[in-house]
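Here's the letter readout for the chains.
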Amino acid sequence: MFLEIPELLTADEIAELVHMGATAKFVDGRATNPHSKVKQNLILADPEAYKRSSQIMFDALRRSEEFNNWAFPKTMAQPWLTKYGVGGGYGAHTDVAFMQQPSGRPLRSDLSCTIYLTAPESYDGGELVVNLGTSQVTIKGAAGSAIVYPSNTLHEVMPVTRGERLVGLTFIESRIASGEKRDLLYELNEVAALEGLNMSWENYTRLQRVQMCLLRNWAEN
Ligand SMILES: O=C(O)CCC(=O)C(=O)O
Ligand SMILES: [Fe+2]
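Everything quoted here is computed from the prediction, not taken from an experiment.

Right, let's talk about the coordination of the iron ion (ligand 2) for a bit. On the protein side, the iron ion (ligand 2) has H93 (NE2), D95 (OD) and H155 (NE2) as donor atoms, found 2.1 to 2.2 Å from it. Of note, the donors binding the iron ion (ligand 2) are all from one chain and are spaced H-x1-D-x59-H. Taken as a pair, D95 in the loop between β7 (89–93) and β8 (98–99) and H155 in strand β15 (residues 155–157) lie far apart in primary sequence, 60 residues in all. With a relative accessible area of 2%, H155 lands in the buried category.

Structure representation (structure tokens):
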């Protein structure tokens, strides 16, 4: 249901992104969502810093084995630096299903991702709360870590009451639209990777056939 990636970014990457967060121009986050009554944040509005920051975060996700194994990413939006100052937050909302992309092909948001850039002890509030039925998961990640969660949930960012919360945000279209199928395939692949070589070679080969056939049946190209 959720993926936490503890060390997505290197210390140098965090430092460069934090520097851009402190020096580049940001504008009201409602620029990308003018009708929202609950969005209170600032988004990066400097084309050079946007290009560089987005590339760093995009490459970090692309190279993450945990992310690739769990999310089966097909397309990913360019990550966007976003800041929440004191009073900032983002009330309960769901992410839009389709997002326009520079390529022209809209991206279906299956998964949403927050990349944490500020140390959690440097700000109060700002927890990401994801609602799952009647329970909630609350996340305040370490700098350089990321959380990936289903875009179809109602989720919110609690108001920041001290300091500043700087994050990178992106949305992912998975090769496997169904969260249940994605989870099953991930589990099967993990068990095969961990235990496959303890089986007889013949049975491991049969297991691999099941893995490959399910992937062929369930994944989009
Ligand atoms: O800041 C976050 O962690 C999440 C923001 C969010 O939910 C969004 O931009 O849709
Ligand atoms: Fe959201």
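Still more ground to cover, so stick around.
To continue, consider the site of ligand 1. Not every one of the 13 residues close to ligand 1 is listed here, only the nearest: Y84, H93, D95, T114 and R165. A distance of 2.9 Å separates an oxygen atom of ligand 1 from a polar side-chain atom of D95. At 3.1 Å from an oxygen atom of ligand 1 is found a side-chain nitrogen or oxygen belonging to H155. Starting from 300 Å² of accessible surface for ligand 1 in isolation, the protein chains cover 95%. Broken down by secondary-structure element, the contributors of at least two residues to the shell around ligand 1 are β7, β15 and β17 (165–174).

Within the largest apolar cluster, 33 residues are counted, with the highest numbers of intra-cluster contacts made by L9, L81 and V148. Listing elements by their share of this core, those giving two or more residues are β1 (3–5), α1 (11–23), α2 (47–63), α3 (65–71), β10 (111–116), β14 (146–150), β17 and α4 (179–195). When residues in this core are grouped by element, the largest group, 6 residues, is from α2. Apart from the residues lying within four places of it in its own chain, the contact partners of V148 are M1, F2, L3, I5, F67, W70, L111, S112, C113 and I172. In this structure, Y84, Y123, V130 and Y149 belong to the second largest nonpolar core, which totals 12 residues.

UniProt's entry tags H93, D95 and H155 with the feature "binding site: Fe cation" (unreviewed entry), counted in the numbering of this structure. Considering the C-alpha atoms alone, the annotated residues occupy 63 residues of sequence yet fold into one spot, their largest mutual distance being 8.7 Å. Counting through the fold element by element, H93 comes out in strand β7. Of the residues examined, H93 reaches a relative accessible area of 12% and is grouped as buried. Filtering out sequence-adjacent residues up to four positions away, H93 remains in contact with T153, L154 and H155. Within the structure, H93 has its side chain in polar contact with the side chain of D95 (distance 3.2 Å).

The next point concerns the pairing of strand β6 (residues 80–84). Along β6, 4 of the 5 residues are buried, which leaves the element largely enclosed by surrounding structure. By the bridge criterion, 5 bridges tie β6 to β17 in an arrangement that is antiparallel. From the neighbouring strand, T82 faces β17, where its bridge partner is V167.

Rules used throughout
- Residues numbered from 1 in each chain as written.
- Chains lettered and ligands numbered in written order.
- Predicted model: local features only at pLDDT ≥ 70, side-chain atom pairs only at ≥ 80, totals over all residues.
- Heavy atoms only, no water.
- Donors = N, O, S within 2.8 Å, 3.2 Å for Na, K, Ca; no water.
- Helix = DSSP H or I, 4+ residues; strand = E, 2+ residues; numbered from the N terminus.
- Buried < 20%, exposed > 50% of the residue type's maximum accessible area, 1.4 Å probe, protein only.
- Near = heavy atom within 4 Å.
- Polar contact = N/O pair within 3.5 Å; in protein donor to acceptor, adjacent residues only side chain to side chain.
- Areas by Shrake-Rupley, 256 points an atom, 1.4 Å probe, with all protein chains shown as cover.
- Core = buried A, V, L, I, M, F, W, Y, C linked by side-chain atoms within 4.5 Å.
- Contact = heavy atoms within 4.5 Å.
- UniProt positions renumbered as here; feature names shortened; annotations may be inferred.
- Pairing = 2+ DSSP bridges.

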